[in-house]
Amino acid sequence: MRRGVLRIYLGAAPGVGKTVAMLGEGHRRVERGADVVVGVVETHERRYTSSMVEGFEVIPRREVHHRGATFMEMDVDAIVARAPQIVLVDELAHSNAPGSPRARRYEDIAVLLDAGIDVISTVNIQHVESLNDAVHTITGVRQRETVPDDVVRRADQIELVDMSPESLRRRMAHGNVYPAQKVDAALASYFRPGNLAALRELALLWLADRVDEALERYRADHDIEATWPARERVVVALVDAPEGETVLRRGARIASRGAGGELIVVHIDNPDGLAGPDETQLTRLHRLTEELGGRFHTVTGNDIGAAILSFARRVNASQIVLGASSRGRWARLWSHGVGDTVVAGSQDIDVHLVTHETAERRRRREMTHSEGSLGRVRSGVGWVLAVTGQAVLTVMLSLTRSYHDLPLDMMLYLAVAVATALIGGFGPALVSALLGTLLLNWFFTPPLYTFTVADPLNVFALVVYLMVSCAVASVVHVSARRAGQARVAQHEAASLTRITHAMLSSTAPLPLLLQQCLDMFAMSGGAVVRRRTNEPDVLLATAGEFTLNDVAHAQVSEHIDDDTFLVLTGHDLGISDQSLITAYAANAAAVLTRQRLRAEEAAATSLAQDNRARQALLSAVSHDLRTPLAAVKAAVSSLRSDEVEFGPEDQAELLAAIEESADRLDSLVGNLLDLSRLETGTMRPHCVVFDAAAAAVDVMSQASEPSRLDLWSQGECLAYADPGLFDRVVANLVENALRYTPAESPVLINVATITTPESGTRVMVRVVDNGRGVPRSEHERIFRPFQRHSDVPAGEGVGLGLAVARGLAESMNATVTADDTPGGGLTMTVDLPGAHDLEREGY
């Protein structure tokens, strides 16, 4: 019996239409004459999904009894007995009720497939086992029902059901996914645009990996060796050299430029037995590869270049990244390097040669050696030409003496001298000119074979010939020297540009600048030192081998500002290096200035935060103390009045009101005194770990209209803040929401824990109302003191509640922001540090 075919509809989130797509495929199969039945379909009371089930034969579910409860599960035995061609089974990751023959629904599907029945099923990406942690990090929700990756991988067909986050949120807002009472909470938590976009990307990348696996199987089955650039796959080749980390990081950046890029690192081990790899370095590179999200391989090969190309074609690579050659000129003359071999044989694979410190230092040495000269090769050829060129020309002219005279002879000797100057520079050209003058005088100037010159014009001609030859040699020499200086200047400018860009993105710019300085001048150590009169020296940053004892013996000491110096140890530098040293000192001065400005900015920010808290304190005095004071005054006045005689019950009620208001005043004054001490810097908020959801319940119970409040939370949500100040923040937001929301509309308090790679663990408390809302342009203005929105009746506060809430929240390192409620209204969000990120928050 053949095994059944499994087709899976994969979705990024609930509500994208997986079940509808499955039912639509079932209807198409029925139209083609197939026998299709429904094993289980979860409609979730969605009208359109329920209508799609009509027309199918539905296999009744079997009852499973457990601890007095009855559960309805798919009847696998009934489906096998019915023996249809195709069965529709929803929710692949479903866990069966205890007492079922099998624990998981994907195990039931395996039985159907073994029976030769084709299965069409659905699953969301958050239920795939390998992505469970990633989904929890993105959404803050841990999926309890997961399906092993192998189960989904073994599917014969996987089809992605895709929908943009905006479209899915519109479906949610229209009530096409969840009941109306759950829509606002879902949109504000799990179904946020960022969450949906991240889940969508996970689904696309996971499915792309499965497609890539199928492509590799096809290429292997058909012996295809040519590169198929279906996706960006970057191979970083590492040889036993110190540039591995630089090349690896560059390859990771190249792979990350495109979505779905894959980083593959290969270390080539040459089994010549002369020198083994540095195991410590290999371990470090292996760990770095894993941190960068790549795969590490080790390949053995006698020909390193050929081994790199073979591996790259085997993994269907689109790009190869390797370090630039650090061999010298003579070594490159005798044999091709690895880079040359890879480039020559790469064909349709792009090759990147990455410059690194080893090659950079060798280029600097060669450039310094060749500065002011034309190089050893050209100089050698020039010396040979200076001697042999004039000798050969003399022999040729002697043999053809009858065909030319002295003027032409001089022009030919001058041509050889100019050619020597162009090739060999000043020294060989000068020798060529002198030798040519002597040969002209001896062989071709009457009287012949003597250095005596009979005609004075010939003497003048020889002198002019010598002067022109020397002038041309001098011009060529100066031009070559200036070209070398220009190359050095270009290299220095490129170095300064590179260090400037690196420092802009670095978190430790001074050590980076010092390290670049050491590499540029081949120094052993360096530091930025602060030296003040009657104070010990202070090392602000160091690089290489440098201690405080080296300051007095430093070979280089350059002023950065009045009391800060750039010092280097190693060897003495030439005058030509002074301009570059000054440029490095100027960069260091810019870094120190930027650090000072950042410190001043931080101080200004702290002062501004203190001012905001002070304003919140003053606002709270006038806003929050007025109501209990009025209540106390009214109750006391009633008790003292002689016009009305109160009974025992009335007196007890008035005394209870006085006591309640006094307690409220005591609590408020305590909080205000604490906040006042916070302003003066004598105390900090009493931040502790507490359950924000439980605290929200306490706030609800003390609200003016608790019956209109509804709480939705994921369970225990541990926050790190001051519980007393947190109560006041949430209470102000709740009272504001009740004031602006129609009497028949409830106010939702949503408490959730959110974890993201950027901000870590945070606790989000959202107060959601369905009132008239606030225009987006007014979202910040409503937090200012004495701001009342729209047509709120007089007497409904003076517009300080939100200002107080934000001021108190910022004193706890929390934030309060406003956003639109989907469908109308306003959502206030309190963002608190989570209990797992205490050190990162600085408490």
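Residues numbered from 1 in each chain as written. Predicted model: local features only at pLDDT ≥ 70, side-chain atom pairs only at ≥ 80, totals over all residues. Heavy atoms only, no water.

Asker: Break down the overall build of the protein for me, with residues and values.
Answerer: For the protein, the helix and strand inventory stands at 27 helices and 24 strands. Expressed as a percentage of the 843 residues in the protein, the buried residues total 43%. Pairs at least 24 apart in sequence give 69% of the contacts found in the protein among residues at least 6 apart. Entry remark: accessible area of the protein is about 43800 Å², with carbon and sulfur atoms responsible for 55%. (Helix = DSSP H or I, 4+ residues; strand = E, 2+ residues; numbered from the N terminus. Buried < 20%, exposed > 50% of the residue type's maximum accessible area, 1.4 Å probe, protein only. Contact = heavy atoms within 4.5 Å. Areas by Shrake-Rupley, 256 points an atom, 1.4 Å probe, with all protein chains shown as cover.)

Asker: Give a detailed account of unusual backbone geometry, specifying residues and quantitative values.
Answerer: Most peptide bonds adopt trans geometry, and most residues besides glycine take a negative phi value. Cis rather than trans, the peptide bond between Pro-446 and Pro-447 has omega equal to -10°. Residue position: Pro-447 is located in the loop between helix H18 (426-444) and helix H19 (456-505). Unlike most non-glycine residues, Tyr-449 shows phi in positive territory, near 60°. Within the element layout of this structure, Tyr-449 appears in the loop between H18 and H19.

Asker: Give a description of the environment of Pro-723 that names residues and reports values.
Answerer: Assignment of secondary structure puts Pro-723 in helix H25 (residues 723-740). Taking the C-alpha atoms as reference points, Pro-723 and Ala-695, 28 residues apart in sequence, are found 7.6 Å from one another. Here Pro-723 is in contact with His-686, Val-688 and Phe-690, once residues within four sequence places are set aside.

Asker: Could you give an account of the environment of Ala-662, with specific residues and numbers?
Answerer: Structurally, Ala-662 is set in helix H23 (residues 648-680). Remark: the alpha-carbon pair of Ala-662 and Ala-631, spanning 31 residues in sequence, is separated by 9.4 Å.

Asker: Go over the sheet that holds strand E12 (residues 319-323) with me, naming the residues and quoting the values.
Answerer: Taken in spatial order, the five strands make up an open sheet running E11-E10-E9-E12-E13, and their pairing is parallel. Each of the sheet's edge strands pairs with one partner strand only, and the pair in question is strand E11 (295-300) and strand E13 (350-354). Averaged over all pairs of adjacent strands, the angle between strand axes in this sheet comes to 25°, irrespective of strand direction. Of the pairings in the sheet, the one linking strand E9 (residues 233-238) to strand E10 (residues 262-269) comprises six bridges and is parallel in character. (Pairing = 2+ DSSP bridges. Axes fitted to C-alpha atoms, helices over the stretch in contact; angles between N-to-C directions.)

Asker: So, the sheet that holds strand E14 (residues 525-530): which residues are in play, and what are the values?
Answerer: Adjacent strands of a sheet form backbone hydrogen bonds with each other and so pair up, either parallel or antiparallel. Reading across the sheet, the four strands line up as E15-E14-E17-E16 and stay open at both edges, with antiparallel pairing between neighbours. The strands lining the two open edges of the sheet, one partner per strand, are strand E15 (538-544) and strand E16 (556-561). This sheet shows a mean twist of 15° between the axes of neighbouring strands, independent of strand direction.

Asker: Tell me what's going on with the packing of aromatic side chains, and back it up with residues and numbers.
Answerer: Going through the model one piece at a time under the given rule, you end up with five aromatic pairs. Where Phe-443 meets Phe-444, the ring centres are 6.3 Å apart and the plane angle is 50°; that geometry is what we call tilted. Owing to a relative accessible area of 23%, Phe-443 belongs among the partly exposed residues under this scheme. An aromatic cluster is present here, built from Tyr-413, Phe-443, Phe-444 and Tyr-449 joined pairwise through their rings. (Phe/Tyr/Trp six-rings, centres within 6.5 Å; stacked < 30°, edge-to-face > 60°.)

Asker: Could you give an account of helix H12 (residues 304-314), with specific residues and numbers?
Answerer: When you tally the buried positions in H12, you get eight out of eleven residues, the bulk of the element. Listed as buried for H12 are Ile-304, Gly-305, Ala-307, Ile-308, Leu-309, Phe-311, Ala-312 and Arg-313. Of the residues flanking the start of H12, the one acting as N-cap is Asp-303, its side-chain oxygen 3.3 Å from the backbone nitrogen of Gly-305. Two residues or fewer after H12 comes Asn-316, characterised by a positive phi angle close to 60°. (Polar contact = N/O pair within 3.5 Å; in protein donor to acceptor, adjacent residues only side chain to side chain.)

Asker: Residues and numbers for the pattern of salt bridges, please.
Answerer: Per the counting criterion, the structure on display carries 24 salt bridges. Asp-118 is the partner of Arg-2 in a salt bridge, and the nearest nitrogen-oxygen pair spans 3.0 Å. Within this pair, whereas Arg-2 is found in the segment before strand E1 (6-11), its partner Asp-118 is found in strand E7 (residues 118-124), the two being separated by 116 residues in sequence. Exposure remark for Asp-118: the relative accessible area of 15% places this residue in the buried category. For Arg-295, the salt bridge identified is with Glu-262, shortest N-O distance 2.4 Å. Of this pair, Arg-295 sits in strand E11 while Glu-262 sits in strand E10; the two residues are 33 residues apart in sequence, bridging distant segments of the chain. The exposure class assigned to Arg-295 is partly exposed, which follows from its relative accessible area of 39%. Among the ionic contacts, a cluster of salt bridges with common partners joins Glu-25, Arg-28, Arg-29 and Arg-32. (Salt bridge = Lys/Arg side-chain N within 4 Å of Asp/Glu carboxyl O.)

Asker: So what about the pairing of strand E21 (residues 747-756)? Which residues, and what values?
Answerer: Note on strand geometry: in a regular strand, side chains alternate between the two faces of the sheet. E21 sits mainly inside the fold: nine of its ten residues count as buried. Across five bridges, strand E19 (residues 709-713) lies against E21 in parallel orientation. When the sheet's bridge partners are listed, Ser-713 is paired in E21 with Val-751. One ladder, built from nine bridges, connects E21 with strand E22 (residues 760-768); its direction is antiparallel. Bridging from a neighbouring strand, Ala-752 pairs with Met-764 of E22.

Asker: Break down helix H7 (residues 165-173) for me, with residues and values.
Answerer: Of all the positions in H7, only Pro-165, Leu-168 and Met-172 are classed as buried. Projected down its long axis, H7 shows its buried positions confined to an angular sector of 65°, all on one face. Directly after H7, the chain includes Gly-175, whose backbone phi takes a positive value near 80°. (Arc of directions from axis to C-beta.)

Asker: For the packing of helix H17 (residues 406-424) against H18, give the residues involved together with the corresponding values.
Answerer: Taken N-terminus to C-terminus, the directions of H17 and H18 make an angle of 165°; their axes are 8 Å apart at the nearest point. With respect to their mutual orientation, H17 and H18 come out roughly antiparallel. Along this stretch, H17 crosses H18, giving a crossing that reads as right-handed. Contacts between H17 and H18 pair Leu-406, Asp-409, Met-410, Tyr-413, Val-416, Ala-417, Thr-420, Ala-421 and Gly-424 from the former with Phe-426, Pro-428, Ala-429, Ser-432, Gly-436, Leu-439, Leu-440 and Phe-444 from the latter. Counted by class, the contact of H17 with H18 contains twelve nonpolar, four polar and one charged residues. (Parallel < 35°, antiparallel > 145°, perpendicular 65-115°, else oblique. Left-handed = near helix turned anticlockwise from the far one by under 90°. Nonpolar A, V, L, I, M, F, W, Y, C, P; charged D, E, K, R; others polar.)

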